[in-house]
Amino acid sequence: MGGYSVYTCAVLLGAPDRLASLIQLEKTAVFLAATVLAAPHSGPYDGTLLAIAVAFWLMARSAPLPLWCWTLASMIWLFPMLSRPCCFP
(Lines give C-alpha, C1' and ligand atoms only; values in the text may rest on other atoms or scores of the structure.)
Protein backbone atom coordinates (compact mmCIF):
# COMPACT_ATOMS: atom_id res chain seq x y z
CA MET A 1 0.00 0.00 0.00
CA GLY A 2 1.60 3.21 -1.10
CA GLY A 3 0.79 6.86 -1.26
CA TYR A 4 -0.26 9.44 1.25
CA SER A 5 -4.03 9.22 1.07
CA VAL A 6 -6.16 9.48 4.17
CA TYR A 7 -7.21 5.86 3.69
CA THR A 8 -3.60 4.64 3.57
CA CYS A 9 -2.59 6.64 6.63
CA ALA A 10 -5.61 5.38 8.61
CA VAL A 11 -4.92 1.74 7.70
CA LEU A 12 -1.23 2.09 8.54
CA LEU A 13 -2.23 3.52 11.94
CA GLY A 14 -4.30 0.38 12.57
CA ALA A 15 -7.82 1.45 11.61
CA PRO A 16 -10.09 -1.21 10.10
CA ASP A 17 -10.85 -0.92 6.39
CA ARG A 18 -14.44 0.28 6.92
CA LEU A 19 -13.36 3.04 9.30
CA ALA A 20 -10.58 4.12 6.95
CA SER A 21 -13.08 4.33 4.08
CA LEU A 22 -15.45 6.44 6.20
CA ILE A 23 -12.63 8.80 7.14
CA GLN A 24 -11.71 9.19 3.46
CA LEU A 25 -15.37 9.82 2.59
CA GLU A 26 -15.68 12.51 5.27
CA LYS A 27 -12.55 14.24 3.98
CA THR A 28 -13.86 14.18 0.42
CA ALA A 29 -17.18 15.66 1.54
CA VAL A 30 -15.42 18.48 3.40
CA PHE A 31 -13.25 19.35 0.39
CA LEU A 32 -16.21 19.33 -2.02
CA ALA A 33 -18.22 21.64 0.25
CA ALA A 34 -15.23 23.91 0.84
CA THR A 35 -14.65 24.19 -2.92
CA VAL A 36 -18.13 25.64 -3.42
CA LEU A 37 -18.35 27.73 -0.26
CA ALA A 38 -14.89 29.31 -0.54
CA ALA A 39 -15.02 30.16 -4.23
CA PRO A 40 -15.45 33.86 -4.95
CA HIS A 41 -17.31 32.96 -8.12
CA SER A 42 -19.83 30.16 -8.15
CA GLY A 43 -22.61 29.41 -10.52
CA PRO A 44 -25.64 27.16 -10.57
CA TYR A 45 -23.55 24.22 -11.73
CA ASP A 46 -21.52 24.39 -8.51
CA GLY A 47 -24.56 23.28 -6.56
CA THR A 48 -23.88 19.78 -7.87
CA LEU A 49 -20.59 19.66 -5.94
CA LEU A 50 -22.40 20.76 -2.79
CA ALA A 51 -25.11 18.12 -3.28
CA ILE A 52 -22.45 15.43 -3.73
CA ALA A 53 -20.72 16.63 -0.57
CA VAL A 54 -23.98 16.42 1.38
CA ALA A 55 -24.65 12.92 0.01
CA PHE A 56 -21.15 11.75 1.03
CA TRP A 57 -21.62 13.28 4.46
CA LEU A 58 -24.96 11.54 4.90
CA MET A 59 -23.62 8.18 3.68
CA ALA A 60 -20.74 8.30 6.16
CA ARG A 61 -23.12 8.26 9.14
CA SER A 62 -23.46 4.90 10.86
CA ALA A 63 -27.02 5.32 12.14
CA PRO A 64 -30.04 5.25 9.81
CA LEU A 65 -30.89 8.76 8.73
CA PRO A 66 -34.29 10.39 8.95
CA LEU A 67 -36.03 11.42 5.76
CA TRP A 68 -35.43 15.14 6.35
CA CYS A 69 -31.68 14.67 5.82
CA TRP A 70 -32.17 13.25 2.34
CA THR A 71 -34.85 15.85 1.61
CA LEU A 72 -32.38 18.60 2.51
CA ALA A 73 -29.74 17.07 0.23
CA SER A 74 -32.16 16.90 -2.70
CA MET A 75 -33.32 20.49 -2.07
CA ILE A 76 -29.70 21.70 -2.23
CA TRP A 77 -29.29 19.81 -5.49
CA LEU A 78 -32.52 21.18 -6.99
CA PHE A 79 -32.08 24.78 -5.82
CA PRO A 80 -30.16 26.04 -8.89
CA MET A 81 -32.79 24.64 -11.25
CA LEU A 82 -35.68 26.15 -9.30
CA SER A 83 -34.16 29.51 -8.38
CA ARG A 84 -34.57 32.68 -10.32
CA PRO A 85 -31.61 33.89 -12.39
CA CYS A 86 -31.00 36.75 -9.95
CA CYS A 87 -29.91 34.24 -7.26
CA PHE A 88 -27.16 32.82 -9.45
CA PRO A 89 -25.97 35.37 -12.02
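In this text, all values refer to a predicted model and were calculated from it rather than measured experimentally. (Residues numbered from 1 in each chain as written. Predicted model: local features only at pLDDT ≥ 70, side-chain atom pairs only at ≥ 80, totals over all residues. Heavy atoms only, no water.)

Student: Describe the overall build of the protein chain, and please don't skip the residues or the numbers.
Tutor: Counting its secondary structure elements, the protein chain contains four helices and zero strands. The secondary structure elements of the protein chain, listed N-terminal to C-terminal, are α-α-α-α. Expressed as a percentage of its 89 residues, the buried residues of the protein chain come to 24%. For the protein chain, long-range pairs separated by at least 24 residues make up 36% of all intrachain contacts whose partners lie at least 6 apart in sequence. (Helix = DSSP H or I, 4+ residues; strand = E, 2+ residues; numbered from the N terminus. Buried < 20%, exposed > 50% of the residue type's maximum accessible area, 1.4 Å probe, protein only. Contact = heavy atoms within 4.5 Å.)

Student: Requested: an account of a nonpolar patch on the surface, with residues and values cited.
Tutor: Together, M59, L67 and W70 give the surface a local cluster of nonpolar side chains, amounting to about 340 Å² of exposed area. With respect to the helices and strands, L67 occurs in helix α4 (residues 67–82). (Patch = residues over 30% accessible without salt bridge, like charges linked within 9 Å, V, L, I, M, F, W, Y side chains within 5 Å. Areas by Shrake-Rupley, 256 points an atom, 1.4 Å probe, with all protein chains shown as cover. Salt bridge = Lys/Arg side-chain N within 4 Å of Asp/Glu carboxyl O.)

Student: I'd love a proper account of the packing of helix α2 (residues 17–38) against helix α3 (residues 47–59), names of residues and values included.
Tutor: The N-to-C vectors of α2 and α3 enclose an angle of 155°; their axes lie 8 Å apart at closest approach. By the criterion of interaxial angle, the relationship of α2 to α3 is roughly antiparallel. Judged by the sense of rotation from one axis to the other, the crossing of α2 with α3 is left-handed. The segment α2 lies against α3, with L25, E26, T28, A29, L32, A33, T35 and V36 engaging L49, L50, I52, A53, F56, W57 and M59. (Axes fitted to C-alpha atoms, helices over the stretch in contact; angles between N-to-C directions. Parallel < 35°, antiparallel > 145°, perpendicular 65-115°, else oblique. Left-handed = near helix turned anticlockwise from the far one by under 90°.)

Student: Go over α3, please, and point to the residues and values.
Tutor: Spanning 13 residues, α3 covers 18 Å between terminal C-alpha atoms, matching the ideal 18 Å at 1.5 Å per step. Buried residues of α3: G47, A51, A53, V54 and L58, and no others. Relative to the axis of α3, the buried residues are bounded by an arc of 160° and lie together on one face. (Expected span 1.5 Å × (residues − 1). Arc of directions from axis to C-beta.)

Student: So what about the confidence of the model for the protein chain? Which residues, and what values?
Tutor: Scored by pLDDT, the protein chain comes out at a mean of 77, with 84% of its residues at no less than 70. Ranking the helices and strands of the protein chain by mean pLDDT puts helix α1 (residues 6–12) first, with 87, and α4 last, with 75. (pLDDT = per-residue confidence, 0-100.)

Student: Which residues make up α2, and what values do they have?
Tutor: Under the 1.5 Å per step criterion, the end-to-end length of α2 is 31 Å for 22 residues, consistent within 8% with the ideal 32 Å. Buried residues of α2: A20, L25, A29, L32, A33 and V36, and no others. In the core, the buried residues of α2 are packed alongside α1 and α3.

Student: Tell me about the environment of T28, residues and numbers included.
Tutor: By the secondary structure assignment, T28 is in helix α2. For T28, a relative accessible area of 26% gives the class partly exposed. Remark: the alpha-carbon pair of T28 and I52, spanning 24 residues in sequence, is separated by 9.6 Å.

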